[in-house]
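Each chain, written out:
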Amino acid sequence: MTTTPVLSQSHFRWRTDAGTIDATPTWGAAEDTNWTQPADTNFRVRFVVQETAGGNPAAATVKLQASHQGGVYFDVTTVSTIVKAVDASSSAEDAATTTRRLSGTGTYVAGRYSEDGSPASTVNLAASQNTEWEFGIQIKGADVANGDTIVLSLLAGSGTSITLTLSPTITVMKTAVDNKTWWY
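Residues numbered from 1 in each chain as written. Predicted model: local features only at pLDDT ≥ 70, side-chain atom pairs only at ≥ 80, totals over all residues. Heavy atoms only, no water.

Some thoughts on the overall build of the protein chain
As a reminder of what qualifies: Here a strand is any run of E in DSSP of at least two residues, a helix any run of H or I of at least four, and the numbering for each starts at the N terminus. Accessible area is worked out with a 1.4 Å probe on protein chains only. A residue is then buried under 20% of its type maximum, exposed over 50%, and partly exposed in between. Computed by Shrake-Rupley with a 1.4 Å probe, the accessible areas treat only the displayed protein chains as cover when residues are assessed.
For the protein chain, the helix and strand inventory stands at zero helices and 15 strands. With 184 residues in all, the protein chain has 47% of them scored as buried. Carbon and sulfur atoms make up 53% of the accessible area of the protein chain, which amounts to about 8400 Å² in all.

Description of the sheet that holds strand β6 (residues 74–75)
Convention followed: Should DSSP find at least two bridges between two strands, the strands are regarded as paired.
The five strands lie next to each other as β2-β15-β13-β5-β6, forming an open sheet whose pairing is mixed. In this open sheet, the two strands that pair with only one neighbour each are β2 (35–38) and β6. Looking at chain direction, strand β13 (residues 149–156) and strand β15 (residues 169–173) are connected through three bridges and run antiparallel. From the neighbouring strand, isoleucine 150 faces β15, where its bridge partner is isoleucine 170.

Structural notes on the pairing of β2
Here β2 shows a clear split, with Trp35 and Gln37 buried on one side and none of Thr36 and Pro38 buried on the other. In this sheet, β15 lies alongside β2 in parallel orientation, the contact comprising four bridges. Each residue of the ladder has a partner; that of threonine 36, found in β15, is threonine 171.

Notes on the environment of asparagine 146
Short version of the rule: Under this definition, polar contacts are N or O atom pairs within 3.5 Å; protein pairs additionally need one hydrogen-donor-capable and one acceptor-capable atom, and for neighbouring residues in sequence, both atoms have to be side-chain atoms.
Turning to its location among the elements, asparagine 146 is positioned in the loop between β12 (129–139) and β13. With 27 residues separating them along the chain, asparagine 146 and methionine 173 place their C-alpha atoms 5.2 Å apart. For asparagine 146, the side chain forms a polar contact with the main-chain nitrogen of lysine 174, separated by 3.0 Å.

Regarding the pattern of salt bridges
Going by this rule: The salt bridge definition used is simple: a Lys or Arg side-chain nitrogen within 4 Å of an Asp or Glu carboxyl oxygen.
Inspection of the entire model under this criterion finds seven salt bridges. For lysine 63, the salt bridge goes to aspartate 75, with nearest N and O atoms at 3.0 Å. Of the two residues, lysine 63 sits in strand β5 (residues 62–68) while aspartate 75 sits in strand β6, which places them 12 residues apart along the sequence. A relative accessible area of 30% places lysine 63 in the partly exposed class. Measuring nitrogen to oxygen at the nearest pair gives 3.9 Å for the salt bridge that ties lysine 140 to aspartate 143. Owing to a relative accessible area of 24%, lysine 140 belongs among the partly exposed residues under this scheme.

Some remarks on the confidence of the model for the protein chain
Convention followed: Summary of the metric used: pLDDT quantifies the predictor's per-residue confidence within the range 0 to 100. Pairs of residues are marked as contacts when any of their non-hydrogen atoms sit within 4.5 Å.
Mean pLDDT for the protein chain: 81, with 80% of residues reaching 70 or above. Confidence drops under pLDDT 50 across residues 177–184; counting only partners more than four residues distant or on other chains, this segment forms two contacts.

Remarks on the side chain of histidine 68
Assignment of secondary structure puts histidine 68 in strand β5. At a separation of 2.7 Å, a polar atom in the side chain of histidine 68 contacts the side chain of aspartate 148. Aside from chain neighbours lying at most four places away, what touches histidine 68 is Phe74, Ile82, Asp143, Val144, Asp148, Thr149 and Ile150.

Structural data, given as structure tokens:
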């Protein structure tokens, strides 16, 4: 019997968009640490998703969402404003399988990498199992101001609930060109 999973978004971490999903990543900050991100620069964010309710295996899906300046959450897609999904630097990366890189309790189940903000496929999680989803994204400089904040979050697929234990908060840093003073 399949049950509806109850998930917890429990940890996060970010890195530059370099290398491949299966290479050992060079992280930009410690796990669960908010950061300042340059606009118009591709980067990756990874989330731990923990199954927290007992029961039989069930298919879990999530998609990436963002909130700008405390506003409503919106889906991150390849055409969204403010935060958009981007292709990874490594070709054929979409739908690649993730391996455990962050903290999690219980048994690890291979997750997915996504270049369009939605999961590449579902992941079957049983009680006390966890997985990791990673997304390639960019903050669009034309849509933000220096010092703006972006909060990233996961939205569970239909029939699944997700508790947001930890969500990353990003402070936007506009490119140096935007802040340059010209002398004549």
